[in-house]
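Breakdown of the fold
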Amino acid sequence: TMTEQPQQQKQKQQQEPTAQEETPLLQKLPKEERYQSFAEFYPFYLSEHQNTTSRRLHVLGTGSSLVVGAIGIVLGETFLFYAMPVIGYGFAWVGHFFFEQNTPATFKYPLWSLRGDFTLFSEVVRGIRSF
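Residues numbered from 1 in each chain as written. Predicted model: local features only at pLDDT ≥ 70, side-chain atom pairs only at ≥ 80, totals over all residues. Heavy atoms only, no water.

Next up on the list: the packing of aromatic side chains. A complete count under the given rule lists 13 aromatic pairs for this structure. For the pair Tyr42 and Tyr45, a centre-to-centre distance of 5.7 Å together with 15 degrees between the ring planes defines the contact as stacked. Of this pair, Tyr42 and Tyr45 both sit in helix α3 (residues 38-47), three residues apart, which is roughly one turn of the helix. Here Tyr42 and Tyr45 have matching classes, each one buried. Members of the aromatic cluster, joined through ring pairs, are Tyr35, Phe38, Phe41, Tyr42, Phe44, Tyr45, Tyr109 and Trp112. (Phe/Tyr/Trp six-rings, centres within 6.5 Å; stacked < 30°, edge-to-face > 60°. Helix = DSSP H or I, 4+ residues; strand = E, 2+ residues; numbered from the N terminus. Buried < 20%, exposed > 50% of the residue type's maximum accessible area, 1.4 Å probe, protein only.)

Below, the structure written as structure tokens:
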């Protein structure tokens, strides 16, 4: 009937966005906080590593991966380099999932998180931060 057609057209118009309403998907998503420098990121990193056991696992993982890398260089065994991230992240992720009970920053900030791991390791080894 004639009354059904205008209603259907009205419903169709309500469902379809106009050209002004259409925006790229990324513009619709909430902006995530992005750090502009490592100096801004590192306090966040430390806040995600407050549990002593988690911090110790991070330090042990980073230290173990460095030892495995050094052994790989001395022995010329390249396969040991592939073990480095498995060892480092294995220890760290156990710390996050079981002790810290949070999501590793690696998933959101992979390079700064890696730098944070080595910075934390360095601070612990030099006695700046407690083990």
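Past the structure itself, the notes keep going.
It is at 8 Å that the axes of helix α4 (residues 52-75) and helix α5 (residues 79-100) come closest, and there the two elements cross at 175 degrees. Put simply, α4 runs roughly antiparallel to α5. Partitioning the contact of α4 with α5 into residue classes produces 14 nonpolar, eleven polar and one charged. (Axes fitted to C-alpha atoms, helices over the stretch in contact; angles between N-to-C directions. Parallel < 35°, antiparallel > 145°, perpendicular 65-115°, else oblique. Nonpolar A, V, L, I, M, F, W, Y, C, P; charged D, E, K, R; others polar.)

A separate point is the side chain of Ser65. For Ser65, the location among the structural elements is in helix α4. A relative accessible area of 7% means that Ser65 is categorised as buried. At 2.8 Å, the side chain of Ser65 forms a polar contact with the backbone oxygen of Thr62. Not counting residues up to four positions away in its chain, the partners in contact with Ser65 are Met84, Ile87 and Gly88. (Polar contact = N/O pair within 3.5 Å; in protein donor to acceptor, adjacent residues only side chain to side chain. Contact = heavy atoms within 4.5 Å.)

Grouped together as the largest cluster of nonpolar side chains are twelve residues: Tyr35, Phe38, Phe41, Tyr42, Tyr45, Leu46, Val59, Ala105, Tyr109, Leu120, Phe121 and Val124. When contributions to this core are tallied by element, the ones reaching two or more residues are α3 and α6 (110-125). When residues in this core are grouped by element, the largest group, five residues, is from α3. Residues within four places of Phe41 in sequence aside, it is in contact with Tyr35, Ala105, Tyr109, Trp112 and Ser113. (Core = buried A, V, L, I, M, F, W, Y, C linked by side-chain atoms within 4.5 Å.)

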